[in-house]
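Residue strings, one per chain:
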Amino acid sequence: MVCSLFLAQSQFNDSPQGLQSILFYLTPVAIGIAAVLAYLQHSWITPVKRLERILMDVSSGRVPRSFIIQGAPIFTKIAAYLEKLSDNQHRLTQQISEEESNLQAILRSMVEGVMIVDKDHVIREVNDAFRRQFSINHNPVHRTVLEVVRVVAIEEMVTETLRSVEPQSREISLDSYTPDQPPRYFDVSAVPIRYDLATAEEVVLVFHDISRLKQLEDVRREFVANVSHELRTPLSIFRGYLETLLDNPKMPSQELNRILEIMQKHSIRLNALVNDLLTLARLESRKLTLEPTPIQLELFVKQLTTDFRSKLEEHQLSIVVNIPADLPLLEADPFRVEQVLYNLLDNSIKYSNPHTSIQIKARVQDEAIMIQVSDDGIGIPPADIPHIFERFYRVDKARSRDAGGTGLGLSIVKHIVQLHHGRVEAQSELGKGTTITVYFPLVPEKIEK
Ligand SMILES: Nc1ncnc2c1ncn2[C@@H]1O[C@H](COP(=O)(O)OP(=O)(O)OP(=O)(O)O)[C@@H](O)[C@H]1O
Ligand SMILES: [Mg+2]
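Keep in mind the model is a prediction, meaning the values are calculated, not measured.

(A) View of the pattern of salt bridges. By the definition in use, this model includes 21 salt bridges. In this structure, Glu230 engages Arg394 in a salt bridge whose closest nitrogen and oxygen atoms are separated by 2.9 Å. You can see Glu230 sitting in helix 7 (residues 211-247) and its partner Arg394 sitting in the loop between strand 10 (368-375) and helix 12 (397-402), a full 164 residues away along the chain. Among the ionic pairs, Arg423 bridges to Glu425, the shortest N-O distance being 3.4 Å. Classification of Glu425 as partly exposed rests on a relative accessible area of 28%. Each of Arg53, Asp57 and Arg62 takes part in one network of salt bridges that share partners.

(B) Expanded view of the packing of helix 8 (residues 253-284) against helix 13 (residues 409-419). It is at 10 Å that the axes of helix 8 and helix 13 come closest, and there the two elements cross at 30°. When the axes of helix 8 and helix 13 are compared, the pair comes out roughly parallel. The element helix 8 and its partner helix 13 pack so that their crossing is left-handed. Residue-level contacts link Asp276, Thr279, Leu280, Leu283 and Glu284 of helix 8 to Ser411, Ile412, His415, Ile416 and Leu419 of helix 13.

(C) Main features of the nonpolar core. With 48 residues, the main nonpolar core has Leu297, Leu330, Ile371 and Val438 as its most contacted residues. Residue contributions to this core reach at least three from each of two domains, namely domain 3 (222-283) and domain 4 (293-441). With sequence-adjacent residues up to four places away left out, Val438 is seen in contact with Val340, Leu344, Ile369, Met370, Ile371, Val413, Val417, Arg423 and Val424. Core analysis: the second largest hydrophobic core is formed by 25 residues, Phe134, Val145, Met157 and Ala190 among them.

Rules and cut-offs
- Residues numbered from 1 in each chain as written.
- Chains lettered and ligands numbered in written order.
- Predicted model: local features only at pLDDT ≥ 70, side-chain atom pairs only at ≥ 80, totals over all residues.
- Heavy atoms only, no water.
- Salt bridge = Lys/Arg side-chain N within 4 Å of Asp/Glu carboxyl O.
- Helix = DSSP H or I, 4+ residues; strand = E, 2+ residues; numbered from the N terminus.
- Buried < 20%, exposed > 50% of the residue type's maximum accessible area, 1.4 Å probe, protein only.
- Axes fitted to C-alpha atoms, helices over the stretch in contact; angles between N-to-C directions.
- Parallel < 35°, antiparallel > 145°, perpendicular 65-115°, else oblique.
- Left-handed = near helix turned anticlockwise from the far one by under 90°.
- Contact = heavy atoms within 4.5 Å.
- Core = buried A, V, L, I, M, F, W, Y, C linked by side-chain atoms within 4.5 Å.
- Domains from an automatic or database assignment.

See below:
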């Protein structure tokens, strides 16, 4: 076309008519070119630019303002596909973030610690329970298992799970970070997460704290050992004396009486032990129901002390009761309150020196009725005071056993007071005396029926 234009120019450029002829030929050509360019611009160039803009938005996760592309029909089709693709992508992103927040909620609500580790033993995720269990204050993510938990057994579990691609479980014990705390025990399960059948990409470890269970197991074992020990003494005495009686059928009556008296004393002790054990078992089981009744404490204590008259005389002890007559009625189970006072008085009598006195006081204090039993007896060493409410705890084993004690009385007292939502305290000075104070709440609604 350029050639022909040159030809036309060389033929006609000498005359004005020539120029006219050139224009005559050129105008439609220029119009044609302009039309082609306009067509290209509208149907292809603008839509391609628009398409590029939409693709940029979709690829960076944004939703374009519109998917309408005007131009060649193919663009309308492409735009429709892109709109579908963007919708799907948007839905998928939403689904992933919902699942992620669900997972986070589950992890947060779990009491078990959870740690997710990748195949390089690098931590990917942990929950709050895990941080608490291992006292972790920093963010452990992106650090290795050993760096964070410093327990070889856990590291070995990760290695074994990744190697075998099989779930593992193990019980591990952790020494406490502070010396005064007991060691902690965990049931740990490790489960591989596999993206194909042969290899594991990640390991999920779940830490179930079983320290409390272990502690209860220890308490139970100790309890059985204590009971067996307490039963063994009187039973071996019975057996010994029964054998003596069988071997000597003609034993002088004085000797016989002495033996029978010892056997009676031990049978009384055995009976008291079994009764205390039954009381404790009932108090500790949730089945026990209290029967609260309004108690006029002054009268109640006076009646109780008359039951102790002969015992007090035997130990040459006096008793002083100081309870105001206008004290509000005590809303509590009378049978259980009697057990509390009986045990406290029994202790004061057992651990007092002759010619001293025992005081029983009561008054309202801290929205509770406070009852105090004090004596001027042998007292309790400071190191033993925190333990005297434990089952079978006796300060001086030999002396207490001589006095007929098994170390269950004060734990019965504590249980009864706690069942009434009250509390018990002990103050004592070695060689000077002991005061045990119990508080029964004044508000009757607080008492468990
Ligand atoms: N008033 C007290 N004075 C001195 N020591 C006391 C007194 N009360 C309790 N104790 C000490 O606390 C220990 C625990 O008391 P607790 O009443 O539980 O057992 P116990 O009197 O030995 O036996 P139990 O009451 O079962 O017959 C006693 O062995 C004794 O050493
Ligand atoms: Mg006692």
